[in-house]
Amino acid sequence: MVKKKWVRIKWCGLPSIRYLFIVMPDGQRAIVDHWPGTNIFNYLPIVRKRRKFNVYLIPNEMDISEWEKYLTSELDMMSSATKALTGTFLARILGVGAVGTVMIGLLNLFEKPLDTTLKFFHIPPSIFIVISSFLMWVIANFISKQAIQKKIPLERFELRRKLIQLKFKDFIFSAGIGIFVIGIIFLLLALGNNYNTNGIVVLTILTWLGLFAYAGILRTADLYILESTGESNAGK
């Protein structure tokens, strides 16, 4: 059995939670759609590490200077990730502002109806939390797709489905994300059956953030691609 060989490649982030820019070993430039999809099995570690992603191939002769400004280097992505860890990102989500105002409004509006509805239909809050956070994750990815198409002409590139297999390597951040996800699972098991609207909303947001971290693009990591994948091997 031939052992798979992983090759480190150059990559850049894009203003999107599901797309990234790469340069394959053969020099082919491409935009990868890193969206795991709605199939829940894609989120299992054993399936996730074997998943192949859709790729938009950029012709070698094409000038990308019009939207090159959207590319974010690995160094800049690491800086942004560090700021997020300091609480800046979470503060923007939960703090004063449009999102915070909407959340507070929803708490006041749905406090009693939500509790009553869940109890009436005998729906465990933990089930509601998981489904709601997953739907929020799907909606976020849908919005991300629409947003990037306004900035980058994806329709002008050739789409190859399930073309490449990628692997991110960053032990510290991966371990941190793993601990965060395990913590959320523990909270769901411990508090997930408590019919309290405030708790339900907070756990829903945390679970969504867990999906965001676990299934999203690890922007602090080195990126590797299988040497046997890419445009030159697409027909094999």
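In this text, all values refer to a predicted model and were calculated from it rather than measured experimentally. (Residues numbered from 1 in each chain as written. Predicted model: local features only at pLDDT ≥ 70, side-chain atom pairs only at ≥ 80, totals over all residues. Heavy atoms only, no water.)

(A) Layout of the nonpolar core. If you look at the biggest cluster of nonpolar residues, it comprises 21 residues, and the most contacted ones within it are Ile22, Met24 and Ile164. Formed by 15 residues, the second largest nonpolar core is a distinct cluster that contains Cys12, Phe21, Tyr56 and Ile58. (Core = buried A, V, L, I, M, F, W, Y, C linked by side-chain atoms within 4.5 Å. Buried < 20%, exposed > 50% of the residue type's maximum accessible area, 1.4 Å probe, protein only.)

(B) Representation of the packing of helix α6 (residues 171-191) against helix α7 (residues 197-215) within the structure. For the pair α6 and α7, the least separation of the axes is 10 Å and the interaxial angle reads 150°. As far as their axial angle goes, α7 and α6 are roughly antiparallel. α7 is crossed by α6, and the crossing has left-handed handedness. Facing Ile177, Phe180, Val181, Ile184, Leu187, Leu188 and Leu191 of α6, the residues of α7 in contact are Leu203, Leu206, Thr207, Leu209, Gly210, Ala213 and Tyr214. Along the lines of polarity and charge, the residues of the contact of α6 with α7 split into 12 nonpolar, two polar and no charged. (Axes fitted to C-alpha atoms, helices over the stretch in contact; angles between N-to-C directions. Helix = DSSP H or I, 4+ residues; strand = E, 2+ residues; numbered from the N terminus. Parallel < 35°, antiparallel > 145°, perpendicular 65-115°, else oblique. Left-handed = near helix turned anticlockwise from the far one by under 90°. Contact = heavy atoms within 4.5 Å. Nonpolar A, V, L, I, M, F, W, Y, C, P; charged D, E, K, R; others polar.)

(C) Structural view of the pairing of strand β2 (residues 19-23). Burial within β2 is extensive, with four of its five residues counted as buried. Direction of pairing for strand β1 (residues 6-13) relative to β2: antiparallel, over a ladder of four bridges. Across the sheet, Gly13 pairs through a bridge with Leu20, a residue of β2. Pairing of β2 with strand β3 (residues 29-33) involves five bridges; the strand directions are antiparallel. Bridge pairing links Phe21 to Ile31 in β3. The loop that links β2 with its antiparallel partner β3 comprises five residues; one of these, Gly27, has a positive phi angle of about 90°. (Pairing = 2+ DSSP bridges.)

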